Amino acid sequence: MNYKILTAGDSSVLIEFGKEISPEINHKISATVQLVRDQHIEGILDMIPSFCALLINYDPRIISYEKLCRRLERLLKIDVTAGARKKKIYEIPVCYGGDFGPDIQNIADHAGISVEEVIARHSSRDYLIYMLGFLPGFCYLGGLDEKIHTPRLSNPRIRIPAGSVGIGGSQTGIYPLDSPGGWQLMGMTPVKTYDPNRDPAILVEAGDYIRFNPIDEAEFRRIKELVDKDEYQVVIREGDD
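Reference entry: report on the structure contained in this document. (Residues numbered from 1 in each chain as written. Predicted model: local features only at pLDDT ≥ 70, side-chain atom pairs only at ≥ 80, totals over all residues. Heavy atoms only, no water.)

### Considerations on the overall build of the chain
Logical step 1: Summing up its helical and strand segments, the chain has five helices and 14 strands in all.
Logical step 2: Computed over the C-alpha atoms, the radius of gyration of the chain is 20 Å, within 12% of the 18 Å expected from 2.2 N^0.38 for a compact globule of 241 residues.
Logical step 3: Once the C-alpha set of the chain is aligned to its principal axes, its extents read approximately 55 × 40 × 35 Å.
Logical step 4: Summed over all atoms, the accessible surface of the chain reaches about 12400 Å², with 49% contributed by carbon and sulfur.
Logical step 5: Side chains of the chain give 28 positive and 35 negative charges; the mean places of these two sets differ by 4 Å. (Helix = DSSP H or I, 4+ residues; strand = E, 2+ residues; numbered from the N terminus. Rg over C-alpha atoms; globule rule 2.2 N^0.38 Å. Areas by Shrake-Rupley, 256 points an atom, 1.4 Å probe, with all protein chains shown as cover. Lys, Arg positive; Asp, Glu negative; His and termini not counted. Charge placed at Lys NZ, Arg CZ, Asp CG, Glu CD.)

In structure tokens, the structure reads:
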């Protein structure tokens, strides 16, 4: 896979892996992040993956730009995607419809299917987390069923509650914090994908997967009570990529 190492200010480098959004490029980025972490390169402060690139922030007082680039060049020649790759899948419970998902009928009407089929389609696949952004812990997910792609609201809401699950165009995701937004809301999860009092504060990482599991309102209340007491553990399973 081709790549470019570019300067990004006086203390960052950007590695471009391509120009298209694809699982293959995302897997290469995630594998590179893990490889760089394993090397414990002194001076690297942070790594921020995006759809097609990886931004690396470093301290130029500890490692020079030239030395960092040489280290990265060597690492990028390693076939980090060789062999079978296990994917980490976070199972996120969602209560669909009702007060939790006021726009689910809009989604169903736009697709020309029933609400039940919307829920079945939305919860039937593992969504790749391409990147995090917009808000802390907001996941840009890939893989939404084309049948339920739905335009954003013409008039965005002033406040969307944290935990809301929605669709905006060809993407689906979870609002980690109360926020304005224009996505069509189809449900809500009691799980906190972002909690500043938790370590780590953000539940998932780019390169992980999310599977939405339908629950009823009683189960939502039960899980929320456990979450509020810091007693709920999200189910994480492994699968072949």
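### Details of helix α1 (residues 23–39)
Logical step 1: The terminal C-alpha atoms of α1 lie 24 Å apart, and with 17 residues this matches the ideal 24 Å at 1.5 Å per residue to within 8%.
Logical step 2: Those residues of α1 lying buried are Ile25, Asn26, His27, Lys28, Ile29, Ser30, Ala31, Thr32, Val33, Leu35 and Val36.
Logical step 3: Where α1 is buried, its residues contact β3 (44–49), β4 (53–58), α2 (65–76), β6 (127–132) and β13 (209–215).
Logical step 4: A positive phi of about 50 degrees marks His40, the residue just after α1. (Expected span 1.5 Å × (residues − 1). Buried < 20%, exposed > 50% of the residue type's maximum accessible area, 1.4 Å probe, protein only. Contact = heavy atoms within 4.5 Å.)

### Quick look at the packing of aromatic side chains
Logical step 1: Considering all chains together, one arrives at nine aromatic pairs under this definition.
Logical step 2: Aromatic pair Phe134 and Phe138: ring centres 5.1 Å apart, planes at 90 degrees, arrangement edge-to-face.
Logical step 3: Relative to Trp183, the ring of Tyr175 lies with its centre 6.1 Å away and its plane at 80 degrees, an arrangement referred to as edge-to-face.
Logical step 4: Given a relative accessible area of 2%, Tyr175 falls into the buried group.
Logical step 5: Its relative accessible area of 7% is what places Trp183 among the buried residues.
Logical step 6: Clustering of aromatic rings is evident, with ring pairs tying together Phe51, Tyr130, Phe134, Phe138, Tyr140, Tyr175 and Trp183.
Logical step 7: The cationic tip of Lys87 hangs over the ring face of Tyr209; the distance from NZ or CZ to the ring centre is 4.5 Å. (Phe/Tyr/Trp six-rings, centres within 6.5 Å; stacked < 30°, edge-to-face > 60°. Lys NZ or Arg CZ within 6 Å of the ring centre and 35° of its normal.)

### Brief notes about the packing of helix α3 (residues 104–111) against helix α4 (residues 115–122)
Logical step 1: Contact geometry of α3 with α4 gives a least axis separation of 9 Å together with a crossing angle of 95 degrees. Taken as axis vectors, α3 and α4 run roughly perpendicular relative to one another. Here Ile104, Gln105, Ile107 and Ala108 of α3 come into contact with α4, specifically with Val115, Val118 and Ile119.
Logical step 2: Here the residues of the contact of α3 with α4 sort into six nonpolar, one polar and no charged. (Axes fitted to C-alpha atoms, helices over the stretch in contact; angles between N-to-C directions. Parallel < 35°, antiparallel > 145°, perpendicular 65-115°, else oblique. Nonpolar A, V, L, I, M, F, W, Y, C, P; charged D, E, K, R; others polar.)

### Description of the pattern of salt bridges
Logical step 1: Counting across every chain of the model gives 17 salt bridges.
Logical step 2: Notably, a salt bridge pairs Asp145 with Arg121, separated by 2.9 Å at the nearest N-O pair. Here Arg121 lies in helix α4 and Asp145 lies in the loop between β7 (139–142) and β8 (157–160), a separation of 24 residues in the sequence.
Logical step 3: Residue classification places Asp145 among the buried positions, given a relative accessible area of 11%.
Logical step 4: Measuring nitrogen to oxygen at the nearest pair gives 4.0 Å for the salt bridge that ties Lys229 to Glu231.
Logical step 5: For Glu231, a relative accessible area of 49% translates into the label partly exposed.
Logical step 6: Salt bridges sharing common partners tie together Lys87, Glu91, Asp126, Arg211 and Arg237. (Salt bridge = Lys/Arg side-chain N within 4 Å of Asp/Glu carboxyl O.)

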